[in-house]
Amino acid sequence: LMSEDVGTTQTMSSNPPSEQRHEFDQSSVDKCLKLVDDFGKGLITKGEALLEVQTILHSAISESSTLSQIDFKPGFSHYLDLLDRAAKES
């Protein structure tokens, strides 16, 4: 009975490697979200926001031990989507 319990726990807690996504640090996320917000308020252009997002993400990747260039594209695409949505709302 005990070995069954252990097996169940392991199955529930283990994630397939394909589902592992590395997260950008909270500071970088906050900076990028502020850029999206500033764009939505008309304080900066979409181009300025994208250049800053790119700089922030590359900096986060270079300072991180877990993030790599593979994480850049999904991160960048996410903020591009947010900027597109903000453009439609304004």
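Since the structure is predicted, the reported quantities are computational estimates derived from the model, not experimental observations. (Residues numbered from 1 in each chain as written. Predicted model: local features only at pLDDT ≥ 70, side-chain atom pairs only at ≥ 80, totals over all residues. Heavy atoms only, no water.)

**Some points on the overall build of the protein chain**
- Along the backbone of the protein chain there are four helices and zero strands.
- Order of helices (α) and strands (β) in the protein chain, N terminus to C terminus: α-α-α-α.
- Sorting the 90 residues of the protein chain into buried and exposed places 26% on the buried side.
- Once local pairs closer than 6 in sequence are excluded, the contacts in the protein chain between residues at least 24 apart make up 62%. (Helix = DSSP H or I, 4+ residues; strand = E, 2+ residues; numbered from the N terminus. Buried < 20%, exposed > 50% of the residue type's maximum accessible area, 1.4 Å probe, protein only. Contact = heavy atoms within 4.5 Å.)

**Things to note about the nonpolar core**
- Phe24, Cys32, Val36, Val53, Leu57, Tyr79 and Leu83 are the most contacted members of the largest nonpolar core, which totals 19 residues.
- Sorting the residues of this core by element identifies helix H2 (26-40), helix H3 (46-63) and helix H4 (72-89) as the ones contributing at least two each.
- Per-element tally for this core: the top contributor is H3, with seven residues.
- Among all residues touching cysteine 32, those that are not within four sequence positions of it are Val53, Ile56, Leu57 and Tyr79. (Core = buried A, V, L, I, M, F, W, Y, C linked by side-chain atoms within 4.5 Å.)

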